[in-house]
Amino acid sequence: MKFNKLLLIPFAFFLISNVFGQEPEATSEDLPPLGIYPKVSYSNPSNLNFKSLKKKLPKPIVADKALLEMYYKAWENAFNEIEIPKAGSKLKYAYIKPVDSANLSMWHTEMSMHFWKYGTNAFDAGQAMDNFFDLQQMDGFIGRQIDPKFGSYISKDQRKASSDPPLLAWAEWEWFKHTGDSIRAKRVTDPLSFQIEWLELNKALPNEANNSYFWTTPASAGISVIPRSTVSQIDIASQMVINYKYAYNMVGLANNASFQESYKERINQLRQIIGTQFYDPKRNVFADLNAKRKPETIATINGYWTLLAEIPNEKQKTMMLRNLENQATWNTPTLFPSTVKEPNSDKEIVSYGELNFMVIQGLKAIGKTTLANNFANKILDNQLNSFKKTKKLY
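To keep things clear, this report deals only with the structure shown in the data block. From a predicted model like this one, the values you see are computed outputs, not experimental measurements.

Cut-offs and rules
Residues numbered from 1 in each chain as written. Predicted model: local features only at pLDDT ≥ 70, side-chain atom pairs only at ≥ 80, totals over all residues. Heavy atoms only, no water. Helix = DSSP H or I, 4+ residues; strand = E, 2+ residues; numbered from the N terminus. Buried < 20%, exposed > 50% of the residue type's maximum accessible area, 1.4 Å probe, protein only. Contact = heavy atoms within 4.5 Å. Areas by Shrake-Rupley, 256 points an atom, 1.4 Å probe, with all protein chains shown as cover. Salt bridge = Lys/Arg side-chain N within 4 Å of Asp/Glu carboxyl O. Pairing = 2+ DSSP bridges. 1 Å grid on protein atoms, 1.4 Å probe; cavity = no way out; pocket = protein on both sides within 12 Å on 5 of 7 lines; lining within 4 Å. Points joined across faces, edges and corners; volume = space filled by probe spheres on them. Nonpolar A, V, L, I, M, F, W, Y, C, P; charged D, E, K, R; others polar. Polar contact = N/O pair within 3.5 Å; in protein donor to acceptor, adjacent residues only side chain to side chain. Expected span 1.5 Å × (residues − 1). Bend = angle between axes of the 7 residues up to and from the residue.

1. Comments concerning the overall build of the protein
Item 1. Counting secondary structure elements, the protein contains twelve helices and seven strands.
Item 2. Counting across all 394 residues of the protein, residues that qualify as buried make up 57%.
Item 3. The long-range fraction of contacts in the protein, counting pairs at least 24 apart against all pairs at least 6 apart in sequence, stands at 69%.
Item 4. Carbon and sulfur atoms make up 50% of the accessible area of the protein, which amounts to about 17300 Å² in all.

In structure tokens:
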């Protein structure tokens with residue numbers, strides 16, 4: 001079987017340096033749970049040692065031995081991130097350890113699901129998501145961070161200001177497509193719908209027509225170093241379309257036609273608003289909105305969430321792809337920097353693994369698979385060249 005290197009893109013989360021934004025520390029606080037998520041039994045291996053489980057992982061057929069070695073190194077790093085709850089914690093399930101924080105991160109967990117879906121024979125990482133569903137609150141809120149010591153949400157900026165990127169439905173749908181686990185898919189459908197209700201009530205700007213302008217904070221956006229508007233941001237606006245898009249599929253598994261109709265209406269409504277109001281035709285970019293409901297002057301790679309949400313019209317797509325291939329903007333040696341580097345500027349521009357993954361999945365969503373493959377190969381070649389020298393993944 002010929003191995004398609006595009007399948008290795010989920011491993012980019014573990015390969016690209018500076019992947020995860022810094023998370024603020026916080027104290028623990030118990031909040032009343034919704035209490036609808038059923039207890040699930042998992043047969044966890046007594047030993048989560050990578051070497052003992054390696055034989056259960058898919059083995060790519062590749063001629064390059066260094067590429068195969070890097071592939072398994074990515075898995076080894078992933079297994080090193082899995083932790084079983086300690087005695088005294090209220091956490092019920094194994095979790096993915098934070099990279100740079102003491103707390104579990106929804107952003108890290110939901111994005112890592114795109115990687116872990118390939119390793120279910122060795123370890124069922126769906127349980128890492130169950131920790132968040134298990135703590136869902138009465139109004140549908142799912143917190144962005146969990147304190148593993150106590151097994152509860154942290155108190156700082158949880159309710160009012162924060163909920164990580166609303167991409168749980170995307171992660172769960174892709175998990176279902178790959179594993180065929182319809183039991184899990186149906187189990188998580190109600191929690192996903194409840195979370196959407198909370199997002200509509202709490203993350204949409206008040207006093208706006210149809211609650212169509214969504215907001216987030218730098219920390220809860222998952223990418224804290226990117227300059228942001230304080231009004232409405234292009235990433236969460238697009239992510240809400242993505243959330244509805246995949247939640248539509250999820251509720252379809254439960255034959256809930258009324259929810260599907262509601263989500264379809266919201267998808268069409270948001271696509272029209274974002275496609276016109278968040279787009280700057282002079283620069284051919286999607287950007288955050290300022291207080292005057294005009295696109296901000298700062299262009300960030302977050303504008304490409306619109307591809308995965310299938311928002312741009314044909315003209316917008318053409319111009320966005322032209323920018324994406326331009327070496328003066330996004331097509332840099334390390335690919336897809338968070339912002340376009342200004343001429344003669346010495347400021348370091350960070351490249352995020354999640355955002356590289358997002359762009360490539362967005363290209364696939366609009367049928368640009370060849371371009372997605374080309375960019376995927378470039379990312380992997382860059383990492384492989386580094387790995388051959390250091391035997392480390394950054």
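2. Details of the pattern of salt bridges
Pairing is possible between side chains of opposite charge, provided their charged atoms come close.
Item 1. Scanning the entire structure with this criterion turns up 15 salt bridges.
Item 2. A salt bridge links Lys388 to Asp64, with the shortest nitrogen-to-oxygen separation between them at 3.9 Å. Placement of the pair is Lys388 in helix α12 (residues 369-390) and Asp64 in the loop between α1 (50-53) and α2 (65-80), with a sequence separation of 324 residues.
Item 3. A salt bridge links Glu76 to Lys73; the nearest nitrogen and oxygen atoms lie 3.7 Å apart. A residue pair is termed a helical-turn pair when its members lie 3 or 4 positions apart in one helix, as Glu76 and Lys73 do in helix α2 at three residues.
Item 4. Within the structure, one salt-bridge network assembled from shared partners comprises Glu83, Lys86 and Lys97.

3. Comments concerning the environment of Lys59
Item 1. Along the chain, Lys59 turns up in the loop between α1 and α2.
Item 2. Each residue touching Lys59, except ones within four places of it in the same chain, is listed here: Leu68, Tyr71 and Tyr72.

4. Some words on the sheet that holds strand β5 (residues 152-153)
Item 1. Sheet architecture is open: three strands sit in the order β3-β4-β5, paired in antiparallel fashion. Single-partner strands in this sheet number two, and they are β3 (104-105) and β5.
Item 2. Sheet topology note: the strand β4 (residues 145-147)/β5 ladder contains two bridges and is antiparallel. Of the residues in β5, the one forming a bridge with Ile146 is Tyr153.

5. Looking at empty space enclosed by the protein
Item 1. Counted by the stated rule, this structure contains three cavities of 30 Å³ or more.
Item 2. The computed volume of the second largest cavity comes to approximately 50 Å³.
Item 3. Split by residue class, the lining of the second largest cavity holds six nonpolar, four polar and no charged.

6. Considering unusual backbone geometry
Item 1. In this structure, Arg293 is a non-glycine residue whose phi angle is positive, near 60 degrees.
Item 2. Within the secondary structure, Arg293 is located in the loop between β7 (285-286) and α9 (305-308).
Item 3. Of note in this structure, Phe336 is not a glycine but carries a positive phi near 45 degrees.
Item 4. Note on placement: Phe336 falls in the loop between α10 (314-324) and α11 (353-365).

7. A look at helix α3 (residues 106-116)
Item 1. With eleven of eleven residues buried, α3 is to be regarded as a mostly interior element.
Item 2. Here α3 starts with a cap whose side-chain oxygen sits 3.3 Å from the backbone nitrogen of Trp107, and that cap is Ser105.

8. Notes on helix α6 (residues 182-202)
Item 1. For α6, spanning 21 residues, the distance from its first C-alpha to its last is 30 Å, which sits close to the expected 30 Å at 1.5 Å a residue.
Item 2. For α6, the principal kink sits at Thr189 and spans about 30 degrees; a proline, Pro191, occurs within the next four residues.
Item 3. Listing the buried residues of α6 in full gives Arg184, Ala185, Arg187, Val188, Thr189, Pro191, Leu192, Ser193, Gln195, Ile196, Trp198 and Leu199.
Item 4. For α6, the elements touching its buried residues are α3, α4 (126-134), α5 (168-179), α7 (234-253) and α8 (257-277).
Item 5. The residue sitting at the N-terminus of α6 and contributing the capping side-chain oxygen is Asp181; that oxygen lies 3.3 Å from the backbone nitrogen of Ile183.

The values are spatial; any link to function lies outside them.
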